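# Fold and contact review
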Amino acid sequence: MAGEPKNGLQCAEFDALLNEALDATLTGPKLESFKAHARVCAVCGPLFAEADAGRRWLKSLAEVEPPVTLMHNILVATTGYESQRVAVRAKGEASWADPITGWLRPVFAPVLSMSRQPRFAMSFGMAFFSLSISLSLAGVKVSDVRHVDLRPSAIKRTYYETTGRVVKYYENIRFVYEIESRVREFKKVTAPAVPTPKEQNKEKKDNNTSGQPEPRQERNYSQGENQPVLASLPNDPPVGTVTTYRRLS
Amino acid sequence: MEDAQVVARLVRRCVAGDVVAWEEIVQRYNRRIYNICYRFAGSGENAQDLTQEVFIKMFRTLSSYDVERGAFMTWVTTITRNLLVDHFRKSKQDRVTESLDTTPSEHEDAMPLSEKIEDKAPAADMSVQSRETGELVHTALQKLSPELREAVILRDLQDMDYKDIAKVLKVPEGTVKSRINRGRAELARLLQRTYRQVM
Ligand SMILES: [Zn+2]
């Protein structure tokens, strides 16, 4: 193969120029000699054709797409750290509540602008006050509303929690009425003095042991949350105000 | 793709413990490494495992990378190639062990390429046809000896220059060129034989 020169080019030389020829970097007289050798050499001619065809086949191969999980897996395997992209995606899911705040804004905008007028301000103030009292009795803190998690799963959970609170609220109301009637009776018997928190506490305790309390209701609520609400009834300003209002009306 | 200064800065940040810089490196090179592994090892599953191994190795040895001694791409490709060699040796051993238990006809490799092409011969449209052609070329590539296979992958699929391939494979440039040409020619012969049998 390497022996006899054909068209001024030996087979070994042809072989050395093969890459350049296929890369299209071979020019001038060298290219001409190369072509001439390929035409006449029974070994080099087919070799050139095959190498050219092989190169074309290879070039026809498209780049493959790595699996979408690859990068994440690499990052977890190397650093144990999750891709920022994953974090960004999670952030995108959290903004699910944004459209809702978007709808609510135009709905409440006229109400809010009206509430700024002095003649409505008082009524709105009163309405908001009683609403916030109702909510706080139900165990919902108005200041926490903006933190409410609006993901579907959280809404479901919040629904059941709130339902539980509302049930508890109505039972508490019943309880408050009982306290009120006992207080009224107590006031009739004793001096016209306003009952001290201590006394009310005592009343409540009596009530708690005497009758109504359903053990089921207490189990529905965590001990830490339920008991203090009942015990701190007279000390808690909003609740205290409610009882005073009702007593006055 | 590779801006030497940018990459050098990224590597320095990585070595200093910057995870964001590491993520950037993974982002830049995962596709390339995955493709080299896929074309060499043949399956997506192997390619995924191998790519992950390459990055684990890179992560552990990143501080040993010397900017003065060559491009980061060459360093990365060398790690990839070394792992592919290990993988090839291991799977060859596995095949030897396996062949003691199975008859050659049960072997996937024993199936002639012409039989594979016969199943896929009637192509409905051009995209299907080109995809199937791609599969045939990919299958034929697996038939090449690992020395020829790696040479053509680095040259024709990864567009690396001869000098860098020589560095990665640790052989003279002349040997690289010769392997590339032999690899290309061998691949063409395999595919021609296949098509001749089908026609
Ligand atoms: Zn010749």
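Look a little higher up for the structure.
Notes on the structure follow. (Residues numbered from 1 in each chain as written. Chains lettered and ligands numbered in written order. Predicted model: local features only at pLDDT ≥ 70, side-chain atom pairs only at ≥ 80, totals over all residues. Heavy atoms only, no water.)

## Details of the overall build of chain A
Within chain A, the secondary structure is distributed over twelve helices and zero strands. The linear arrangement of helices and strands in chain A, starting from the amino end, is α-α-α-α-α-α-α-α-α-α-α-α. Every one of the 249 residues in chain A was classed for burial, and the buried ones make up 26%. When contacts within chain A are restricted to residue pairs at least 6 apart in sequence, long-range pairs at least 24 apart make up 65% of them. (Helix = DSSP H or I, 4+ residues; strand = E, 2+ residues; numbered from the N terminus. Buried < 20%, exposed > 50% of the residue type's maximum accessible area, 1.4 Å probe, protein only. Contact = heavy atoms within 4.5 Å.)

## Describing the packing of aromatic side chains
Residue and element names in this part refer to chain B. Scanning all chains against the criterion turns up ten aromatic pairs over all chains. Members of the aromatic cluster, connected to one another through ring pairs, are Tyr 29, Tyr 65, Phe 72 and Trp 75. Over the ring of Phe 40 we find Arg 149; its NZ or CZ atom is 4.5 Å from the centre of that ring. Over the ring of Tyr 162 we find Lys 177; its NZ or CZ atom is 5.2 Å from the centre of that ring. (Phe/Tyr/Trp six-rings, centres within 6.5 Å; stacked < 30°, edge-to-face > 60°. Lys NZ or Arg CZ within 6 Å of the ring centre and 35° of its normal.)

## A closer look at the pattern of salt bridges
Using the criterion set out here, one finds twelve salt bridges over all chains in the structure. Between Glu 63 of chain A and Arg 31 of chain B there is a salt bridge, with its nearest N and O atoms 2.7 Å apart. Taken as a pair, Glu 63 of chain A in the loop between α3 (44–60) and α4 (70–78) and Arg 31 of chain B in helix α2 (residues 19–41) lie in two separate chains rather than in one. Exposure remark for Glu 63 of chain A: the relative accessible area of 48% places this residue in the partly exposed category. A salt bridge links Arg 31 of chain B to Glu 65 of chain A; the shortest N-O distance between them is 2.5 Å. On the criterion of chain membership, the pair formed by Arg 31 of chain B in helix α2 and Glu 65 of chain A in the loop between α3 and α4 is interchain, its members lying in two chains. Glu 65 of chain A sits in the exposed class, given a relative accessible area of 57%. (Salt bridge = Lys/Arg side-chain N within 4 Å of Asp/Glu carboxyl O.)

## Points about the nonpolar core
Judged by nonpolar contacts, the single largest core of 60 residues is most densely connected at Trp 22, Ile 25, Met 58, Phe 72 and Leu 141 of chain B. Here this core gets twelve residues from one element, more than from any other, and that element is α2 of chain B. Counting the residues that make up this core, at least three belong to each of domain 1 (4–91) and domain 2 (113–198) of chain B. Leaving out residues up to four positions away in the same chain, Met 58 of chain B has contacts with Trp 22, Ile 25, Ile 33, Phe 72, Trp 75, Val 76 and Ile 79 of chain B. Counting residues in hydrophobic clusters, the runner-up holds 16 residues, among them Phe 14, Leu 17, Cys 41 and Cys 44 of chain A. (Core = buried A, V, L, I, M, F, W, Y, C linked by side-chain atoms within 4.5 Å. Domains from an automatic or database assignment.)

## Describing the coordination of the zinc ion
Residue and element names in this part refer to chain A. Protein coordination of the zinc ion is provided by Cys 11 (SG), His 37 (NE2), Cys 41 (SG) and Cys 44 (SG), with donor distances spanning 2.0 to 2.3 Å. Around the zinc ion, the four donor atoms are arranged such that angles at the metal cover 97 to 116°; this shape is classified as tetrahedral. Expressed as a motif, the donor residue spacing for the zinc ion is C-x25-H-x3-C-x2-C. Taken together, the residues Cys 11 in helix α1 (residues 11–22) and Cys 41 in the loop between α2 (28–40) and α3 connect sequence positions 30 residues apart. There is no split in this pair, since Cys 11 and Cys 41 are both buried. (Donors = N, O, S within 2.8 Å, 3.2 Å for Na, K, Ca; no water. Tetrahedral: all angles 85-135°; square planar, octahedral: opposite > 155°, others 65-115°.)

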